[in-house]
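# Structural overview
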Amino acid sequence: MSASAATSATRYRACPLCEAICGLEFRFVGERLHAIHGDPQDPLSRGHICPKGNAIIDLENDPDRLRTPMQRVGNDWRPISWEAAFALAAEKLAAIQASHGDDAVGLYLGNPNVHHFGHIAYFPKLARLLHSKNIYSASSVDQWPHHLVSYLMFGHQFLIPIPDLDRSDYLLMLGANPLASNGSLLTAPGIHKRLKSLSQRGRLVVIDPRRSETAASANEHHFIRPGSDALFLIALLQAMQAECPPRIDRYLGKLAGFDAAMQAIASIDTTAVAAHTGISAECIRKIATDFLQARHAVAYGRMGVSTQIFGSLAQWLLQLVNLYAGQLDAEGGSLPNEPAIPLTGPGTQAGSYGRWKSRVRGLPELSGELPVATLIDEIETPGAGQIRALLTVAGNPVLSTPNGQRLDAALGQLDFMISIDVYINETTRHADLILPPAWFLSQPHFDLIFNGFAVRRYARLSPPIHVQAADECADWQIANRLASALAAATGREWRDLPAPRELIQAGLARGPSGLTLADLDAAPHGIDLGPLQPSLLRRLQTASGNIECAPPLMLQELERARCCFASVATEDPTLLRLIGRRELRNNNSWMHNAARLIKGKPRHQLWMHPDDLRARGLLDGMRVQVCSKVGKVVTEVRADADLMPGVVSLPHGYGHTGPGVRLTLAGQLAGVSINDLTDPSLLDGASGNAALNGVPVSVAAAVAD
Ligand SMILES: Nc1nc2c(c(=O)[nH]1)N[C@H]1C(S)=C(S)[C@@H](COP(=O)(O)OP(=O)(O)OC[C@H]3O[C@@H](n4cnc5c(=O)[nH]c(N)nc54)[C@H](O)[C@@H]3O)O[C@H]1N2
Ligand SMILES: Nc1nc2c(c(=O)[nH]1)N[C@H]1C(S)=C(S)[C@@H](COP(=O)(O)OP(=O)(O)OC[C@H]3O[C@@H](n4cnc5c(=O)[nH]c(N)nc54)[C@H](O)[C@@H]3O)O[C@H]1N2
Ligand code: SF4
Ligand SMILES: [Mo]
């Protein structure tokens with residue numbers, strides 16, 4: 001049939017590529033996906049789309065994307081039937097657990113898990129079936145401090161307050177660059193427009209070691225030295241204390257430990273704040289005054305703040321800033337969403353901390369997982385409990401976790417590895433079996449996670465817009481079939497989870513919205529359920545029923561900060577601090593195979609302030625070697641006056657060059673992995689989240705090998 005004779009159709013679905021969950025309009029000619037646009041009728045995203053949304057066409061047509069299960073044979077791959085693949089997987093995993101104990105099988109869940117209903121609603125149950133302590137995920141190179149602080153203060157890891165962006169008139173933003181990332185733990189599609197309108201009616205203040213795209217568009221930007229946000233926030237709270245009494249009337253009867261927290265914070269010596277942070281005490285006082293004067297103000301910190309050695313401390317201090325100003329759980333301030341399928345309340349996992357420790361480094365468990373920064377140790381170190389087999393699900397830890405090069409070598413030592421993934425990349429190239437789920441457009445989707453972090457209450461059910469082929473296996477079917485094969489091989493009990501629509505129906509019935517599946521089916525563009533409403537106080541799940549303002553773990557971290565920030569250490573002047581960056585046209589480590597995203601000027605370089613280049617006798621465009629305690633990379637340097645002097649930046653998710661990687665376009669892209677430099681020993685002290693930002697490095701002209 002010619003294209004002109006083919007019927008055209010428009011189908012609607014949410015984008016699963018980032019937290020903005022934009023509604024998209026998919027135009028088909030016959031069964032061929034022809035064009036993708038933003039869905040103007042989606043009440044939350046209102047027609048927004050970014051270049052990644054368009055790149056779904058490239059992914060759909062990508063010849064490198066796997067369509068059938070693959071088994072490794074030496075250095076080559078051959079297709080294997082689903083039946084045989086599940087049997088082999090179960091036999092190997094069961095045998096390894098029988099000989100070496102349950103912990104000998106490890107699991108790593110990567111970022112796309114949270115973006116697909118067929119992953120997030122199914123694989124956690126498979127994880128529990130493994131009976132292993134070696135469960136890891138991308139959360140511990142990302143947002144663990146948020147979960148820990150919400151668990152300690154509010155009693156639930158998902159009771160996370162969100163900036164009420166559309167109604168705030170003062171936003172203090174630390175360590176986030178939503179103009180590139182589209183927002184994180186803040187689902188606000190088209191966030192550039194929302195921020196623009198906020199900065200016109202009020203004030204957007206960005207604290208970042210780089211004049212990022214977001215910082216450049218803000219009313220105010222202050223450079224901060226990487227890793228010093230906690231001290232900045234302590235000084236900010238002290239300035240608030242000096243300015244006015246706390247505005248805590250709305251929380252009375254629901255606050256525990258508030259005075260203790262404030263006294264502890266007041267007792268920290270912040271005279272060296274300017275030397276540590278690069279921000280003067282006077283400037284901090286001005287921010288405190290402006291914040292307290294604004295009618296609706298909110299402080300928010302993301303990736304840049306979570307991934308540092310005082311990440312949890314900083315997230316706790318941010319909650320206290322909002323609380324002190326009376327903006328926690330207040331309209332226009334910081335308040336949790338209450339999604340149609342609940343993330344909190346009865347039947348959900350409130351969280352846990354320290355129930356066990358990692359075998360080699362003694363790092364505490366958080367909500368059933370261990371910090372992924374110690375995955376390497378658990379694979380490399382012999383002894384009872386050593387990981388001998390690994391299952392990765394939608395993750396690429398070789399590029400996304402600290403000391404990727406060493407992990408790469410460790411994966412090569414495993415007895416057995418399975419990857420549930422759609423590419424043969426830097427991580428999955430080590431697998432013995434790769435199981436690719438059916439293309440996501442053939443599956444229904446309801447966003448379990450990001451409705452819970454959205455700036456409005458919203459619900460949307462995305463129907464499949466392609467037909468799943470008979471020989472394909474959906475993500476949720478893979479979870480069920482792998483689990484039932486493993487259960488049979490180990491003699492454990494397993495009951496398959498029902499298909500997605502049934503689970504969604506049951507989830508809605510537990511929620512507060514009153515919506516049914518029929519309501520969602522009848523609203524293909526999504527349903528707006530109104531603005532955020534104060535709900536935190538009635539939803540607290542702490543044992544006391546109060547907001548726990550002074551968790552002992554946070555007071556301990558405060559003591560650690562007191563010592564660390566007491567004096568200004570004399571640092572080696574040749575060292576620079578390495579930070580990461582994102583850009584609109586990439587998605588962590590895995591979308592560089594999309595032609596329309598990688599075109600244009602190169603974006604992989606090490607960015608460095610011109611003064612720092614001069615001090616080292618380097619020139620813009622030169623090849624340089626960057627060395628950290630754990631590794632060395634060679635790349636090009638680019639002069640960039642938008643960086644704070646003393647700070648250098650590399651994007652993450654580059655370096656697609658390992659032998660056997662099957663990424664035709666990505667493999668041709670220049671660039672190295674920042675995580676060949678990041679150090680697994682640098683962690684957030686409380687949670688164990690990797691401290692990916694602020695890594696000390698030296699930079700010099702590359703010497704020919
Ligand atoms: N230095 C530094 N490191 C970082 C960061 C940083 O800012 N700086 N950011 C961190 C953050 S925030 C995160 S979330 C992590 C991400 O870390 P990971 O989750 O480990 O990495 P991703 O790059 O998201 O890899 C996604 C994987 O899922 C596969 N995939 C894509 N779609 C699907 C699907 O539908 N189903 C399945 N089964 N597989 C799929 C891809 O092929 C790829 O292998 O990286 C972290 N690492
Ligand atoms: N286009 C695109 N969008 C994405 C992704 C992507 O890879 N590409 N990834 C998605 C994922 S998984 C996530 S988690 C989100 C993350 O989204 P964001 O949290 O917005 O993360 P980044 O864009 O990395 O911005 C982090 C900012 O922190 C700054 N920073 C670094 N160190 C410090 C520090 O010590 N203190 C302070 N105050 N700032 C610091 C950096 O300069 C940077 O501007 O983005 C999501 N969206
Ligand atoms: S901002 Fe882009 S990647 Fe994110 S959901 Fe929207 S279209 Fe998809
Ligand atoms: Mo992330």
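Residues numbered from 1 in each chain as written. Chains lettered and ligands numbered in written order. Predicted model: local features only at pLDDT ≥ 70, side-chain atom pairs only at ≥ 80, totals over all residues. Heavy atoms only, no water.

## Things to note about the pairing of strand β29 (residues 647-651)
For β29, the buried fraction is high: 5 of the 5 residues fall into the buried class. Where burial is concerned, the two faces of β29 agree: the one with Val647, Ser649 and Pro651 and the one with Val648 and Leu650 are both buried. When strand β25 (residues 576-581) meets β29, the two strands line up parallel, connected through 5 bridges. Within the sheet, the bridge partner assigned to Arg577 lies in β29 and is Val647. Bridge count for strand β26 (residues 606-608) against β29 is 2 bridges, and the pairing is antiparallel. What sits directly across from Trp607, in β29, is Ser649. (Buried < 20%, exposed > 50% of the residue type's maximum accessible area, 1.4 Å probe, protein only. Helix = DSSP H or I, 4+ residues; strand = E, 2+ residues; numbered from the N terminus. Pairing = 2+ DSSP bridges.)

## Topic: the site of ligand 1
Surrounding ligand 1, one finds 29 residues, the nearest of these being Tyr108, Asn111, Ser400, Asp421 and Ser589. Ala394 places a main-chain nitrogen or oxygen 3.4 Å from an oxygen atom of ligand 1. Within the backbone of Asn396, an N or O atom sits 2.8 Å from an oxygen atom of ligand 1. Taken by itself ligand 1 offers 920 Å² of open surface, and the protein chains cover 96% of this. Taken together, the residues of the shell around ligand 1 sort by class into 14 nonpolar, 12 polar and 3 charged. Formed jointly, the shell around ligand 1 draws a minimum of three residues from each of two domains, domain 2 (93-142 + 366-531) and domain 4 (570-701). (Near = heavy atom within 4 Å. Polar contact = N/O pair within 3.5 Å; in protein donor to acceptor, adjacent residues only side chain to side chain. Areas by Shrake-Rupley, 256 points an atom, 1.4 Å probe, with all protein chains shown as cover. Nonpolar A, V, L, I, M, F, W, Y, C, P; charged D, E, K, R; others polar. Domains from an automatic or database assignment.)

## Some details on the sheet that holds strand β2 (residues 23-29)
The sheet built from 3 strands is open, its strands ordered β1-β2-β3 with antiparallel pairing. This sheet does not close on itself; its edge strands, each paired only once, are β1 (8-14) and β3 (32-38). When strand polarity is set aside, the average angle formed by the axes of neighbouring strands in this sheet is 25°. Relative to β2, β1 runs antiparallel, the two being bridged by 7 bridges. Paired with Thr10 across the bridge in β2 is Arg27. (Axes fitted to C-alpha atoms, helices over the stretch in contact; angles between N-to-C directions.)

## Brief notes about the sheet that holds strand β5 (residues 76-79)
Spatially, 7 strands are ordered β5-β4-β19-β18-β17-β6-β7 in an open sheet, and the strand pairing comes out mixed. In the strand order of this sheet, the two ends are held by β5 and β7 (135-137), each with one partner. Here 2 bridges tie strand β4 (residues 70-73) to strand β19 (residues 433-434), and the two strands are oriented antiparallel to one another. Looking at the pairing, Met70 lines up with Ile434 of β19.

## Digging into the packing of helix α3 (residues 82-100) against helix α19 (residues 475-490)
Packing of α3 against α19 leaves a shortest axis separation of 8 Å and a crossing angle of 45°. Here α3 lies oblique to α19, going by the angle between them. As α3 packs across α19, the resulting crossing turns out to be right-handed. Of α19, the residues touching α3 (which contributes Trp82, Glu83, Phe86, Ala89, Ala90, Leu93, Ala94 and Gln97) are Ile478, Arg481, Leu482, Ala485, Leu486, Ala489 and Thr490. (Parallel < 35°, antiparallel > 145°, perpendicular 65-115°, else oblique. Left-handed = near helix turned anticlockwise from the far one by under 90°. Contact = heavy atoms within 4.5 Å.)

## Quick notes on empty space enclosed by the protein
Summed over all chains, the structure comprises 7 cavities of 30 Å³ or more. As a volume, the largest cavity reaches approximately 170 Å³. Taken together, 16 residues line the largest cavity, and the ones lying closest to its centre are His146, Pro161, Tyr300, Gln315 and Gln319. Sorting the residues of the lining of the largest cavity by element identifies α6 (144-154), β13 (297-301) and α15 (311-324) as the ones contributing at least two each. Of the residues that constitute the lining of the largest cavity, the class distribution is 9 nonpolar, 7 polar and no charged. Quantified by volume, the second largest cavity comes out at close to 90 Å³. Split by residue class, the lining of the second largest cavity holds 9 nonpolar, 3 polar and 1 charged. (1 Å grid on protein atoms, 1.4 Å probe; cavity = no way out; pocket = protein on both sides within 12 Å on 5 of 7 lines; lining within 4 Å. Points joined across faces, edges and corners; volume = space filled by probe spheres on them.)

## A look at the site of ligand 3
Around ligand 3, the structure places Cys15, Leu17, Cys18, Ala20, Ile21, Cys22, Ile49, Cys50, Lys52, Gly53 and Asn182. Given that more than half its atoms are within 2 Å of the pocket grid, ligand 3 belongs to the second largest cavity. In terms of residue class, the shell around ligand 3 is made up of 8 nonpolar, 2 polar and 1 charged. (Sits in = over half its atoms within 2 Å of the grid points.)

## Describing the domain arrangement of the protein chain
Structurally, the protein chain comprises domain 1 (8-60), domain 2 (93-142 + 366-531), domain 3 (144-340 + 545-562) and domain 4 (570-701). Inter-centroid distance (C-alpha atoms) of domain 1 to domain 3 is 34 Å. For the pair domain 1 and domain 3, the two sides together bury roughly 820 Å², of which 50% comes from carbon and sulfur. Viewed at the interface, domain 3 and domain 1 are joined by 0 salt bridges. Across the contact surface, domain 1 and domain 3 share 4 residue pairs in polar contact (both at pLDDT 80 or more). Partitioning the side of domain 1 that touches domain 3 into residue classes produces 6 nonpolar, 2 polar and 3 charged. (Buried area = accessible area lost by both parts, 1.4 Å probe. Salt bridge = Lys/Arg side-chain N within 4 Å of Asp/Glu carboxyl O.)

## Let's talk about the nonpolar core
Residues Leu165, Leu171 and Phe446 are the most contacted members of the largest nonpolar core, which totals 83 residues. When residues of this core are sorted by domain, at least three fall in each of domain 2 (93-142 + 366-531) and domain 3 (144-340 + 545-562). With near-sequence residues (within four places) excluded, Leu171 lies in contact with Leu165, Leu195, Leu198, Arg203, Leu204, Val205, Val298 and Tyr300. In this structure, Ile207, Cys283, Tyr324 and Leu558 belong to the second largest nonpolar core, which totals 70 residues. (Core = buried A, V, L, I, M, F, W, Y, C linked by side-chain atoms within 4.5 Å.)

## Comments concerning the state of the cysteines
Applying the stated rule across the entire model yields 0 disulfides. In this structure Cys564 is a free cysteine whose sulfur lies 8.3 Å from that of Cys563, the closest cysteine sulfur available. (Disulfide = S-S within 2.5 Å.)

## Brief notes about the side chain of Ser442
Note that Ser442 resides in the loop between β19 and β20 (445-446). Polar side-chain contacts of Ser442 include one of 2.7 Å to the backbone oxygen of Trp439. Looking at Ser442, its side chain comes within polar contact range of the side chain of Gln443, at 3.0 Å. Among all residues touching Ser442, those that are not within four sequence positions of it are Pro464, His466, Val467 and Gln468.

## Some thoughts on the environment of Asp475
By the secondary structure assignment, Asp475 is in helix α19. For Asp475, a relative accessible area of 6% gives the class buried. Considering only alpha carbons, one finds Asp475 and Gly38, 437 residues apart in sequence, at a separation of 26 Å.

## A look at helix α13 (residues 281-293)
Taking 1.5 Å as the rise per residue, α13 with 13 residues should run 18 Å; its terminal C-alpha atoms sit 18 Å apart, in good agreement. Within α13, the full set of buried residues consists of Cys283, Ile284, Ile287, Ala288, Asp290, Phe291 and Leu292. (Expected span 1.5 Å × (residues − 1).)

## A few points about the layout of surface pockets
Estimates place the volume of the second largest pocket at around 470 Å³. In terms of lining, the second largest pocket is formed by 20 residues, of which the most central are Pro226, Gly227, Ile309, Glu571 and Arg577. Listing elements by their share of the lining of the second largest pocket, those giving two or more residues are α23 (552-566) and β30 (695-701). Along the lines of polarity and charge, the residues of the lining of the second largest pocket split into 11 nonpolar, 6 polar and 3 charged. Mapping the lining of the second largest pocket onto the domain boundaries places at least three of its residues in each of domain 3 (144-340 + 545-562) and domain 4 (570-701).

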